[in-house]
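Coordinate analysis (summary)
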Amino acid sequence: MFRRTIFIGASCAALAVCVSGGSPALAHLEVDEQIAVLDKLLEARPEDPTLYLLRGELNPIHKDWEAAEKDYYQPRSLDPDLYAVEYCLGRMRLEAGDPQRAVEHLERYLEIRPDDARGRATLGRALVKLGRYVAAADQFSAALANAGEGLSQ
């Protein structure tokens, strides 16, 4: 089965620049302004899952967990194979102080992308929050082992 990859984790400004067709002006907008631009883009392209992910990346900056969650679940309804949503949800849950739910999302993500160093490191941070230090160390070791994988491709 084909699975589409969307790489999440670059700065929000850089992601917004990509969406705007490379306009550096968008990268310099405040977060609220970037969200407003994405709102307008979503009015024109409501079936574009990437736009929801991008807006979802901006909402946690204001600790708006509910809006971020909504934006992360919308792409899943548009494209069930968009597994980057699991990583985004896991990272957001960790930032929101819910490491147990973060672990659940990150483990689902890593079932599909087991060599993702960023996913392993984020899972390791969630496990530390839960006091599961040996499991966290295993994840950090796997993250370090895979850290160069994406660089050589």
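Just so it is clear, the model here is predicted, and its values are computed rather than measured.

The next thing to look at is the nonpolar core. The biggest cluster of nonpolar side chains holds 12 residues, and these are Tyr83, Tyr87, Leu94, Ala102, Val103, Leu106, Tyr109, Leu110, Leu123, Ala126, Leu127 and Ala136. Listing elements by their share of this core, those giving two or more residues are helix H6 (84–95), helix H7 (99–112) and helix H8 (117–129). Ranked by the residues each element gives to this core, the list is headed by H7, at 5 residues. Excluding its chain neighbours within four sequence positions, the residues that come into contact with Leu127 are Val103, Arg132, Ala135, Ala136 and Gln139.

Our focus in this paragraph is the packing of H6 against H7. The geometry of H6 relative to H7 is characterised by a closest axis approach of 7 Å and an angle of 160 degrees between their N-to-C directions. The pairing of H6 with H7 is recorded here as roughly antiparallel in orientation. As for the relative orientation of H6 and H7, their crossing is left-handed in sense. Seen from H6, the contacting residues are Ala84, Glu86, Tyr87, Leu89, Gly90, Arg91, Arg93 and Leu94; seen from H7, they are Pro99, Arg101, Ala102, His105, Leu106, Arg108 and Tyr109. Tallied by class, residues from the contact of H6 with H7 come to 8 nonpolar, 2 polar and 5 charged.

Take the confidence of the model for the chain next. Taken residue by residue, the chain gives an average pLDDT of 81. The fraction at 70 or more is 78%. Confidence drops under a pLDDT of 50 for residues 1–25, and excluding neighbours within four residues, the segment shows 48 contacts in the predicted structure.

As a further point, take the packing of aromatic side chains. Throughout the structure, instances matching the rule amount to 2 aromatic pairs. Ring centres of Tyr83 and Tyr109 lie 6.0 Å apart, and the angle between their planes is 35 degrees; this geometry places the pair in the tilted category. Of this pair, Tyr83 sits in the loop between helix H5 (65–78) and H6 while Tyr109 sits in helix H7, and the two are 26 residues apart along the sequence. Side by side, Tyr83 and Tyr109 carry an identical accessibility label, which is buried. With a centroid separation of 5.4 Å and 50 degrees between ring planes, the pair formed by Tyr87 and Tyr109 is classed as tilted. Of this pair, Tyr87 sits in helix H6 while Tyr109 sits in helix H7, placing them 22 residues apart in sequence. Taken as a pair, Tyr87 and Tyr109 share a single burial class, namely buried. What links up through ring pairs into an aromatic cluster is the set Tyr83, Tyr87 and Tyr109.

Cut-offs used in this document
- Residues numbered from 1 in each chain as written.
- Predicted model: local features only at pLDDT ≥ 70, side-chain atom pairs only at ≥ 80, totals over all residues.
- Heavy atoms only, no water.
- Core = buried A, V, L, I, M, F, W, Y, C linked by side-chain atoms within 4.5 Å.
- Buried < 20%, exposed > 50% of the residue type's maximum accessible area, 1.4 Å probe, protein only.
- Helix = DSSP H or I, 4+ residues; strand = E, 2+ residues; numbered from the N terminus.
- Contact = heavy atoms within 4.5 Å.
- Axes fitted to C-alpha atoms, helices over the stretch in contact; angles between N-to-C directions.
- Parallel < 35°, antiparallel > 145°, perpendicular 65-115°, else oblique.
- Left-handed = near helix turned anticlockwise from the far one by under 90°.
- Nonpolar A, V, L, I, M, F, W, Y, C, P; charged D, E, K, R; others polar.
- pLDDT = per-residue confidence, 0-100.
- Phe/Tyr/Trp six-rings, centres within 6.5 Å; stacked < 30°, edge-to-face > 60°.

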